[in-house]
Amino acid sequence: MDRPTNVIVRPRDGRENAHTRQRVPRRGAARAAQVGLWLACACLLLAVAAASASAVVVQLPNGKTISVQPRHRAFAFGGATLGGGNLVYHGGPVMTSNSNYAFYWAPSGSPAYPAEYESGVNQFFEDLAHDSGGNQNVDSVATQYANGAGETVHYESHFAGALVDTDPYPANGCKRAAICLTDAQLQAELSKYVTAHGLPRDLAHEYFLLTPPGVEDCFEASGAECSAGTAAGNYCAYHSSFAAGTGVIVYGNDPYVTGIEGCDSGEHPNNKPSDGVIMGGLSHEHNESVTDPELNAWYASNGEENGDKCRTFVESSEYGAPLGTAPDGSRFNQLINGHEYWYQQEWSNEGSVCKQRRALSQPAVTKVAPTKGPAGGGTAVTITGTGLSGASSVHFGSQEATFTVSSSTKIVATAPAGAVGTVDVTVTNAVGTSAITTADRYKYTPSVTALSPKSGSTAGGTSVSVTGTGFALGSGTVFKFGATKSGTVNCTSTTQCTVRAPAHAAATVDVKATVNAISSSKSAGDQYTYS
């Protein structure tokens, strides 16, 4: 079996131990230039088994840095849960939201994807997007990790679309298969396609390159580490990023691994060939990308990312307890948008364990914005807090609101109609309701939306019909035309009043309504012109 030469083995934090030489990985632009791939590679572990039970950082002869993950249990030291402790933050960015492209490289005459492979992958990304903001699948586990500014990895997933690249494959860069491409060739094609089509190059988008059966790849031309479909295949998938113009391309390489031992466990609850790639790297790399897109954010002391730490080769820790059995007899441990999946858990620093999903906690509201709006409702209010995943209801005082959960820390609600005054905004989930604090307060104000007529004499006396919200019945609402209080007021409902305009110098003024010492805000419909 070929091996890379001049391998420097080291834990990613650069600390020296009995099996390493002290060497700090490069960061910044130099780090972006390195590949830093996340592979499932057995052969390197033969050379470095004494250094780690799982992922280690090695430097190949070409200067590229990779993180190695074993494909076979035989190289995981008896299947014991792998070490390294909790994930630690190292200063790099996270993906606070993720829009995912399925990138199919399929030139004319190339090997074909099996039926329902592409549709199954697309469905997976669509299902993740549908359940965004919830806590019922493994993507919710990543929401506990944040960047240096305190911005968390939101479960805010979008399917950006399926891309079909018909450019021909280049001449083989490696020799392990009839069609064999190096990572450099994959990067070059992604960069060319993204640039030609004006697609995003940033830390909010990721491109998952999915090649058909028979199209294999190796890390380098030497062919020491290659995809699982080759004769000496080592890895199932990997992820990385590279600089592209003024931006960065985050990508995952997911070669065809369905039916390949060590990548595909054989559980296909969707009864589609796409099940193999989803469990054989797609979910794993997706979750590692959002928490560590540039390989300098969240990882353990031994270099393992959140996916690596749960690649234990022990079913109970890698997959957790099944949720049920699909019609074809396959087990499933994820139910996303009504579809059944089977793939690995992800590491949680909360409890130091692999989880299928993040447990609900009692919600807390720490901020609402804006803090006021018209009594008629309809204002979009962003609610910030913790434990917001799995919210079952949102109330403004006693009134229930419609809402969308964006992440475990953000909900966007539409304020319902309410009486003029201040209320508490509360969020409820299966655990309980957020405690009332000064940070959750929202003020309902009266509003003036229309006047008829919109003008009158400077002498005053014009009878003006005022339309709005939150008015007190009878004479309980105070109206001012500019700074001058109006004359007679009669409100026949909370939305309709008749007032007598006071005298005023020639000018255009705002008509303001005040109820219980709370005044309306300026609006396009509240202007009255004296002439």
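Residues numbered from 1 in each chain as written. Predicted model: local features only at pLDDT ≥ 70, side-chain atom pairs only at ≥ 80, totals over all residues. Heavy atoms only, no water.

Considering the overall build of the protein chain
As a reminder, the rule being used: Secondary structure counts use DSSP, requiring at least four H or I residues in a row for a helix and at least two E residues in a row for a strand, with both numbered from the N terminus. We call a residue buried when its accessible area falls under 20% of the maximum for its residue type, exposed when it is over 50%, and partly exposed in between, using a 1.4 Å probe and counting protein chains only. Contacts were defined at the residue level, with two residues in contact if any of their heavy atoms lie within 4.5 Å. Using the Shrake-Rupley algorithm and a 1.4 Å probe, accessible areas are obtained, with residue cover drawn only from the displayed protein chains.
When its secondary structure is counted, the protein chain shows six helices and 37 strands. By the burial criterion, 56% of the 531 residues in the protein chain qualify as buried. Residue pairs at least 24 apart in sequence account for 68% of intrachain contacts in the protein chain once pairs closer than 6 positions are excluded. As displayed, the protein chain has an accessible area near 19,800 Å², and 52% of this comes from carbon and sulfur atoms.

Comments concerning the nonpolar core
Inclusion rule: In this description, a nonpolar core means a group of buried Ala, Val, Leu, Ile, Met, Phe, Trp, Tyr and Cys residues linked to one another through side-chain atoms lying within 4.5 Å.
The biggest cluster of nonpolar side chains holds 23 residues, and the ones touching the most others in it are Val121, Phe124, Phe125, Leu210 and Tyr343. When residues in this core are grouped by element, the largest group, five residues, is from helix H3 (residues 117-130). Not counting residues up to four positions away in its chain, the partners in contact with Val121 are Ala102, Tyr104, Leu210, Ser274, Val277 and Leu282. The next biggest cluster of nonpolar side chains, apart from the first, holds 21 residues, and it includes Leu181, Tyr193, Tyr207 and Tyr235.

Regarding the confidence of the model for the protein chain
Caution applies to low-pLDDT parts of the model: their predicted coordinates are not meant to be read in detail. Formally: One confidence number per residue, pLDDT, is output by the predictor and ranges from 0 to 100.
Overall, the predicted model of the protein chain reaches an average pLDDT of 85, with 84% of residues at or above 70. Contacts from residues 1-58, a stretch scored under 50 in pLDDT, to residues over four places away or in other chains number 184 contacts. Note on residues 74-81: pLDDT under 50 across the span, and 18 contacts to partners over four residues away in sequence or across chains.

Details of the state of the cysteines
Counted only if it meets this: Whenever a pair of cysteine sulfur atoms sits within 2.5 Å, that pair is classed as a disulfide.
What the rule picks out here adds up to five disulfides. In this model, Cys174 is linked to Cys180 through a disulfide, with the two sulfur atoms separated by 2.1 Å. Disulfide Cys174 to Cys180: torsion about the S-S bond roughly -105°, handedness left-handed. Of the two residues, Cys174 and Cys180, neither departs from the other in class, the shared state being buried. Sulfur-sulfur distance for the disulfide between Cys491 and Cys497 comes to 1.9 Å.

Considering unusual backbone geometry
Geometrically, the link from Ala369 to Pro370 is a cis peptide bond, its omega value of -5° lying close to zero. Residue Pro453 is bonded to the preceding Ser452 through a cis peptide linkage, with omega at 0°. When you line up the elements, Pro453 lands in the loop between strand E28 (447-452) and strand E29 (455-456). At Glu116, a residue that is not glycine, the phi angle is positive and equals roughly 70°.

Let's talk about a positive patch on the surface
Our working definition: Each patch is assembled from residues with relative accessible area greater than 30% and no salt bridge, linking like charges that lie within 9 Å and nonpolar side chains (Val, Leu, Ile, Met, Phe, Trp, Tyr) that lie within 5 Å. For this document, the term salt bridge refers to a Lys or Arg side-chain nitrogen within 4 Å of an Asp or Glu carboxyl oxygen. Two residue types count as positive, namely Lys and Arg, and two as negative, namely Asp and Glu; His and chain ends fall outside the count. We put the charge of a Lys on NZ, of an Arg on CZ, of an Asp on CG and of a Glu on CD.
Side chains of Lys372, Lys443, Lys480, Lys485 and Lys512 sit close together on the surface and give a patch of like positive charge. Within the secondary structure, Lys443 is located in strand E27 (residues 441-445). On the basis of relative accessible area, Lys443 is assigned to the partly exposed category, the value being 35%.

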